[in-house]
Amino acid sequence: MPRLPTPPIPKVLQPKPKRPGQNGNGNEHGSGKVSPAEAAQEAGVTVVDWIDERTSLSGGLRWLMFRKVPHGNWFYTLGSATLFAFLSQTITGVFLAMYYRPDATGGAYESMRYIVDDAFLGQFVRGMHKWGASVMVILIFLHMGRTFFFGAYKYPREMTWIIGVVLLILTLAMSFTGYLLPFDDRAYWATIVGVNINGTAPFLGPYISDFLRAGPEFGATTLSRFYAIHMLLVPGLIIALISVHLYLVAKLGITAPPWTKPDEEPELDVAEV
Ligand code: HEM
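Computed from a predicted structure; not experimentally measured.

## Side note on the overall build of the protein
Part 1 of the reasoning: A tally of regular secondary structure across the protein gives nine helices and two strands.
Part 2 of the reasoning: Walking the protein from its N terminus toward its C terminus, one meets helices and strands in the order α-α-β-α-α-α-α-α-α-α-β.
Part 3 of the reasoning: Out of the 273 residues in the protein, the part that is buried amounts to 19%.
Part 4 of the reasoning: Considering only contacts in the protein between residues 6 or more positions apart, those separated by 24 or more positions represent 67%.

## Thoughts on the nonpolar core
Part 1 of the reasoning: Formed by 13 residues in total, the largest nonpolar core has its most connected members in L181 and L223.
Part 2 of the reasoning: Listed by contribution, the elements that provide at least two residues to this core are α4 (107–117) and α9 (220–252).
Part 3 of the reasoning: Per element, the largest residue contribution to this core is four residues, and it comes from α9.
Part 4 of the reasoning: Beyond its immediate chain neighbours, meaning those up to four positions away, L223 contacts P102, A104, A108, L180 and F183.
Part 5 of the reasoning: If you look at the next biggest cluster of nonpolar residues, it comprises 10 residues, including A85, I140, M144 and V234.

## Side note on α4
Part 1 of the reasoning: The set of residues buried in α4 consists of A108, S111, M112 and I115. Looking down the long axis of α4, one finds its buried residues gathered within 100 degrees of arc, a one-sided arrangement.
Part 2 of the reasoning: Close packing links the buried residues of α4 with α3 (78–97), α5 (122–149) and α9.

## With respect to the site of the ligand
Part 1 of the reasoning: As a structural note, the neighbourhood of the ligand is formed by 29 residues, with G79, L83, A152, G164 and T255 the closest of them.
Part 2 of the reasoning: Counting residues per element, the ones that place at least two in the shell around the ligand are α3, α5, α6 (158–180) and α9.
Part 3 of the reasoning: With seven residues, the top contributor of residues to the shell around the ligand is α6.
Part 4 of the reasoning: For the shell around the ligand, the class distribution of residues is 17 nonpolar, 10 polar and two charged.

Rules used in this analysis
Residues take numbers from 1 onward in each chain, read along the sequence in its written order. Only residues with pLDDT of 70 or above have their local features reported here, since the model is predicted, and side-chain atom pairs are shown and tallied only from 80 upward, although totals for entire chains, interfaces and linings are computed over all residues. Labels follow the DSSP assignment, with helices taken as runs of H or I lasting at least four residues and strands as runs of E lasting at least two, numbered in each case from the N terminus. Think of it as a crowd count around each C-beta: if 20 or more other C-beta atoms lie within 10 Å the residue is buried, if 12 or fewer it is exposed, and in between it is partly exposed, with C-beta placed from the backbone throughout. C-beta atoms are placed from the backbone for every residue, and two residues are taken to be in contact when these atoms lie within 7 Å. Throughout this description, the term nonpolar core refers to a group of buried Ala, Val, Leu, Ile, Met, Phe, Trp, Tyr and Cys residues whose C-beta atoms join them within 7 Å. Read the arc as the range of directions from the helix axis to the C-beta atoms. The criterion for a residue being near a molecule or strand is a backbone-placed C-beta atom within 6 Å of that molecule or strand. Following the grouping adopted for this structure description, the nonpolar residues are Ala, Val, Leu, Ile, Met, Phe, Trp, Tyr, Cys and Pro, the charged ones are Asp, Glu, Lys and Arg, and the polar ones are all others, Gly among them.

Spatial relationships are all this shows, so hold off on functional conclusions.
This is the structure:
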């Protein structure tokens, strides 16, 4: 597949040419005095240069960030919106984990009550996490719909699609395992129903439900099992798969909108995805 050449760095990020009379410090007046703002800017540039000299990261970042993408269409923002929802879930989840106790003898419910009623901004953070889960599920379905209707699953992007399907399943697994954590009546009974539904899957069903319950019966370790899956296993997999997903998006480029005619050059913009 022909690849578009890497576009040049946008003008605003290119080093400015020196004006006549500008001295070596970048000071316009040639007075040798450097304003605090100029000094801060210079310090920032020096730090970036220092890191880049040792890591050569800037080439990779340029490859990832500055690419030609189809011009001005909101449908293309749904993947980034899903990514943003995931990041928001990660950050609010970290703060919730600072107070939550996966204790099935009453501690879990008590810790949730503490978060909502007493902890500073607890109700806000818990609300963000709870509603954010639904937002992420809605966004991921919309993003999947966009890629489907734009035919973005076809050659050469089949792997991007397959990884997307796994990401969808993992996102639903996050919702399922997170639902038990408040450990109130609704969480308990809804999870029993969910685990039983998993148990009806052909061949693997009984093994899946035993794995989820951490044994043949729903017990104290079931909560720890769900917490570990929700906090460590699934987020780890999601982070790894999003990285591969985005690598493939950067490598293969974005599908042009289906209404672009074959003989028409798509309108392209240098932008971040
Ligand atoms: C955590 C979940 C996901 C994240 C963070 C994510 C992120 C992204 C981003 C940022 C893009 C760039 C273009 C765009 O935004 O539309 C993209 C492209 C793509 N995604 Fe996802 N995605 C996710 C889930 C999915 C799912 C569930 C599918 C489908 C089953 C999917 C299939 C694709 C495909 C085929 C492309 C290439 C689009 C094209 O070339 O036009 N992704 N994804």
